[in-house]
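Spelled out from the first residue to the last, the chains are:
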Amino acid sequence: SDPDGGRNLARTAGQAATVSVAVYNKDSGAALSGAVVAIVSGETVVASGRTNAQGAWSGNVADGRVTVLAAKDLHVTQARAATVSGNGSMRFDLLQHKQEDFKRLGRIVGFVRSATGVPLANATLVLLKGKAPVGVTQPENASGVYDLEWYAPGSYSVVASAPGHSAKKFTGQTISAGESLWLDVTLQPK
């Protein structure tokens, strides 16, 4: 177990690190498969993916300051700043939203596609509050539909990226309580 909650991922010094992330339901202790995990440096996604059936995911990243995010449908997203310096691990215990949360929180939904209209199922979308990453999602299936769900009302930015495509930032996206904001995303090939 990591006594400082994974904020310092130093284990084996080196130029790159393997970061392992485990995601669990806080109430039941059950592993959360299919949770989205992303490692973000500034506004750039350096690694992302979904947890396996045991709630585990790992990715390779360069040493440095990052934010690690874990998100799962109907759960409260967590984001943690960390210093990566060699291999390490983090555990996230996500709380399930309560029914009353859906009236006071909002979401951003839409499609993510390439410039040719092809859905980008391998895209990662990061929600920023100011410069801080606070949310993450990936499309649920090959249709490219995404859902950045259940965040406090306010103004946010969305950074969308996908392998082989240039990242794009959408600023001034306003989340309202109990509402869904529609934002279609089109990414240009690199």
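Let me sum up the structure you'll find in this document.

### A closer look at the overall build of the protein
Scanning the protein for helices and strands turns up one helix and 15 strands. Relative to the compact-globule value of 16 Å for 190 residues, the protein shows a C-alpha radius of gyration of 16 Å, a close match. By principal-axis analysis of the C-alpha atoms, the protein measures approximately 45 × 45 × 30 Å. The contacts of the protein with a sequence gap of at least 6 include a subset with a gap of at least 24, amounting to 59%. Surface exposure of the protein reaches about 8900 Å², of which carbon and sulfur atoms provide 51%.

### Side note on the nonpolar core
Counting residues in each nonpolar core, the largest one holds 19 residues, and the members touching the most others are Val21, Val23, Ile39, Val68 and Phe92. The set of elements that each furnish at least two residues to this core consists of strand S1 (16-25), strand S2 (36-41), strand S4 (56-62), strand S5 (64-71), strand S6 (78-84) and strand S7 (88-94). In contact with valine 23, not counting residues within four places along its chain, are Ala31, Leu32, Ala35, Val37, Thr51, Gly55, Ala70, Phe92 and Leu94. Counting 18 residues, the second largest nonpolar core, distinct from the first, contains Leu120, Ala162, Ile175 and Leu183.

Rules and cut-offs
- Residues numbered from 1 in each chain as written.
- Predicted model: local features only at pLDDT ≥ 70, side-chain atom pairs only at ≥ 80, totals over all residues.
- Heavy atoms only, no water.
- Helix = DSSP H or I, 4+ residues; strand = E, 2+ residues; numbered from the N terminus.
- Rg over C-alpha atoms; globule rule 2.2 N^0.38 Å.
- Contact = heavy atoms within 4.5 Å.
- Areas by Shrake-Rupley, 256 points an atom, 1.4 Å probe, with all protein chains shown as cover.
- Core = buried A, V, L, I, M, F, W, Y, C linked by side-chain atoms within 4.5 Å.
- Buried < 20%, exposed > 50% of the residue type's maximum accessible area, 1.4 Å probe, protein only.

By themselves, these are just geometric observations and shouldn't be taken as functional.
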